[in-house]
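What follows is the residue order along each chain.
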Amino acid sequence: MHVAFIQQAAKILLICMSVYWSIAHGNPGSYLYSFYPLPEYIQNEFVQAHNQHRKDVQPVASNMRQLYWSDEIAEKAFEFVRKCSVYHTYPAMRTSQWAALGENVYAGNQYWFSEIPTKVTSDWYSECEFYNITGYPTCSGRQCGHYKQIVWANTRQIGCAIAQCRDIEGGYGSTLVACIYGPAGNEYYEGGIEILPYLVGYSCSQCPDDASVCIDKLCVSPT
């Protein structure tokens with residue numbers, strides 16, 4: 001009983017410290033709170049949801065890397081959501097490893113907290129309906145960037161954050177979710193020619209040298 005009380009008190013203290021940190025560093029006019037860092041099981045669900053879509057992408061990808069969680073990138077995601085705005089960062093955020101990071105942002109009515117990783121990731125991925133990797137133009141006049149970032153083969157790391165806001169600039173609802181990706185997807189050649197998010201072919205048939213092991217249709221580093 002005594003141990004359970006101490007564990008519960010420690011959990012409440014951790015939440016209070018997280019909220020205090022968030023308010024101290026956020027936008028006091030709109031920002032309410034977030035849980036930072038996200039619980040490990042929520043982190044894992046974001047990663048699993050992304051990797052599930054990456055391995056199941058159609059047409060099949062031949063060079064799709066497995067994604068991993070990055071605490072450094074998650075901190076960037078927290079910096080993003082505390083602004084309570086859906087507008088993307090310009091110039092792009094960066095880390096010690098990546099010169100440019102990609103961003104997927106969701107604003108809307110709140111899912112249950114435990115549902116957010118799978119439901120929001122699926123919302124972004126649903127743009128696949130408007131994208132044809134073998135066609136021209138590839139995107140049929142609709143938003144496809146969230147989908148492309150999820151299936152960007154060379155992206156290797158992800159970090160996400162969730163915030164509650166009074167109102168969200170450029171969006172609606174009270175829940176703001178951001179996943180940040182390293183390196184960034186949605187790149188173009190000079191002249192505005194689109195770089196395709198992945199190579200079409202048999203699973204793992206064109207894995208890069210530094211991710212030459214195939215595990216469940218995804219390219220994984222051998223070390």
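The structure under discussion appears in the preceding block.
Residues numbered from 1 in each chain as written. Predicted model: local features only at pLDDT ≥ 70, side-chain atom pairs only at ≥ 80, totals over all residues. Heavy atoms only, no water.

Engineer: In this structure, what is going on with the pairing of strand E3 (residues 102-108)? I would like to understand it.
Structural biologist: Looking along a regular strand, one sees the side chains alternate between the two faces of the sheet. Of all seven residues in E3, seven are buried; the element is thus mostly enclosed. The pairing of E3 with strand E5 (residues 175-182) spans seven bridges and is classified as antiparallel. The partner of Tyr 106 across the bridge, within E5, is Val 177. (Buried < 20%, exposed > 50% of the residue type's maximum accessible area, 1.4 Å probe, protein only. Helix = DSSP H or I, 4+ residues; strand = E, 2+ residues; numbered from the N terminus. Pairing = 2+ DSSP bridges.)

Engineer: What am I meant to see in the side chain of Thr 175 here?
Structural biologist: Position of Thr 175 relative to the elements: it lies in strand E5. By relative accessible area, Thr 175 is classed as buried at 1%. In terms of polar contacts, Thr 175 uses its side chain to reach the side chain of Gln 164, at 2.8 Å. (Polar contact = N/O pair within 3.5 Å; in protein donor to acceptor, adjacent residues only side chain to side chain.)

Engineer: What is the right way to read the state of the cysteines from this model?
Structural biologist: Here is the idea: a disulfide is a covalent bond, and it sits between the sulfur atoms of two cysteines. Under the criterion given, the structure shown has five disulfides. Cys 207 shares a disulfide with Cys 219; S-S distance 2.0 Å. Between Cys 207 and Cys 219, the S-S torsion sits near -80°, and that sign places the bridge as left-handed. Residue Cys 207 is found in the loop between E5 and strand E6 (213-215), and its partner Cys 219 is found in strand E7 (residues 218-220); the two are separated by twelve residues along the sequence. By relative accessible area, Cys 219 is classed as buried at 1%. For the protein chain, the bonded cysteines connect in the pattern 1-5, 2-3, 4-6, 7-9, 8-10 when numbered consecutively along the sequence. Free of any disulfide, Cys 128 has its nearest neighbouring cysteine sulfur in Cys 144, separated by 9.4 Å. (Disulfide = S-S within 2.5 Å.)

Engineer: How should I be thinking about the packing of aromatic side chains in this particular structure?
Structural biologist: What describes a pair of aromatic rings is the distance from one ring centre to the other and the angle between the planes of the rings. With the rule as written, the count across this model stands at six aromatic pairs. Relative to Phe 35, the ring of Tyr 33 lies with its centre 6.0 Å away and its plane at 75°, an arrangement referred to as edge-to-face. Measuring from centroid to centroid gives 4.4 Å for Tyr 36 and Phe 78, while their planes differ by 20°, and the two rings are stacked. Taken together, the residues Tyr 36 in the loop between strand E1 (31-34) and helix H2 (40-56) and Phe 78 in helix H3 (residues 71-81) connect sequence positions 42 residues apart. A residue is classified by how much of its surface remains accessible, and Tyr 36, at 25% relative accessible area, is partly exposed. You can call Phe 78 buried: its relative accessible area is 2%. Here the aromatic residues Tyr 33, Phe 35 and Phe 113 are joined through ring pairs into a cluster of three or more. Above the plane of the ring of Phe 130 lies Arg 142, whose end atom (NZ or CZ) is 4.2 Å from the centre. (Phe/Tyr/Trp six-rings, centres within 6.5 Å; stacked < 30°, edge-to-face > 60°. Lys NZ or Arg CZ within 6 Å of the ring centre and 35° of its normal.)

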